[in-house]
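# A closer look at the structure
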Amino acid sequence: TAVVQAFLGVLPIRDDPGPGVEVRFVYPKSPADAAGVKAGDRITKFGPGAPLPIQNRAALMAALQRVTPGTEVKVEVKRKDGGKVETVTTKLTPVPDDVPEKLPLPSS
């Protein structure tokens, strides 16, 4: 049986020194989008129940692998604009079949 991956809907910046994970892209209509996570925000904590500190991209991926679609999670984000820290709640979905392989290039 295939393991169904839980989907938050963010693409992290690859070479991010951390701590936390800077969001490079948010998939439209994803759980992250529904929660109001924006590109440029930094995810600092994540998890069901009390969110746990996220040090880097690998930690976020590992945390996502521990939860199943349909799980309600809390995501603590430090906003790009103003640096305000907010905790948002969203329900994870299964990874959609139509997640694009290639991302739109950032507009210049």
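Look above for the structure.
Residues numbered from 1 in each chain as written. Predicted model: local features only at pLDDT ≥ 70, side-chain atom pairs only at ≥ 80, totals over all residues. Heavy atoms only, no water.

A separate point is the overall build of the chain. A count of helical and extended segments in the chain gives two helices and eight strands. Residue burial in the chain is summarised as follows: out of 108 residues, 37% are buried. Within the chain, residue pairs in contact and separated by at least 24 positions form 51% of the contacts whose partners lie at least 6 positions apart. (Helix = DSSP H or I, 4+ residues; strand = E, 2+ residues; numbered from the N terminus. Buried < 20%, exposed > 50% of the residue type's maximum accessible area, 1.4 Å probe, protein only. Contact = heavy atoms within 4.5 Å.)

Glancing now at the side chain of threonine 71. Within the fold, threonine 71 resides in the loop between α2 (57–65) and β6 (72–78). Within polar-contact distance, the side chain of threonine 71 engages the backbone oxygen of threonine 68 at 2.6 Å. Discounting chain neighbours no more than four positions away, the residues touching threonine 71 are Pro48, Thr90, Lys91 and Leu92. (Polar contact = N/O pair within 3.5 Å; in protein donor to acceptor, adjacent residues only side chain to side chain.)

This part covers the pairing of strand β3 (residues 21–26). Sheet topology note: the strand β2 (residues 10–12)/β3 ladder contains three bridges and is antiparallel. Its bridge partner being in β3, leucine 11 is matched across the sheet by phenylalanine 25. In terms of strand pairing, β3 meets strand β4 (residues 42–47) through two bridges, oriented antiparallel. From the neighbouring strand, glutamate 22 faces β4, where its bridge partner is arginine 42. (Pairing = 2+ DSSP bridges.)

Quick look at the packing of aromatic side chains now. Inspection of every chain in the model, using the stated rule, returns two aromatic pairs. Between phenylalanine 7 and tyrosine 27, the ring centres sit 5.6 Å apart and the planes meet at 45°, which makes this aromatic pair tilted. Placement of phenylalanine 7 in strand β1 (residues 6–7) and of tyrosine 27 in the loop between β3 and α1 (31–35) is noted, with a sequence separation of 20 residues between them. A residue is classified by how much of its surface remains accessible, and tyrosine 27, at 10% relative accessible area, is buried. Here phenylalanine 25 and tyrosine 27 contribute two aromatic rings whose centre-to-centre distance is 5.2 Å and whose plane-to-plane angle is 90°, an arrangement assigned as edge-to-face. The rings of Phe7, Phe25 and Tyr27 are connected pair by pair, giving a single aromatic cluster. (Phe/Tyr/Trp six-rings, centres within 6.5 Å; stacked < 30°, edge-to-face > 60°.)

Looking now at the environment of threonine 87. By the secondary structure assignment, threonine 87 is in strand β7 (residues 85–91). Among the residues examined, threonine 87 registers a relative accessible area of 45% and is labelled partly exposed. Sequence separation of threonine 87 and lysine 74 is 13 residues, and the distance between their C-alpha atoms is 6.4 Å. When near neighbours in sequence (up to four residues on either side) are disregarded, threonine 87 contacts Lys74, Val75 and Glu76.

Ranked by size, the top nonpolar core spans 21 residues in total, and within it Leu8, Val10, Val37, Ile43, Phe46, Val75 and Leu92 carry the most contacts. When contributions to this core are tallied by element, the ones reaching two or more residues are β3, α1, β4, α2 and β6. Those residues within four positions of valine 10 in sequence are excluded, and the remaining contacts are Val23, Phe25, Val26, Tyr27, Ala32, Val37, Ile43 and Leu60. (Core = buried A, V, L, I, M, F, W, Y, C linked by side-chain atoms within 4.5 Å.)

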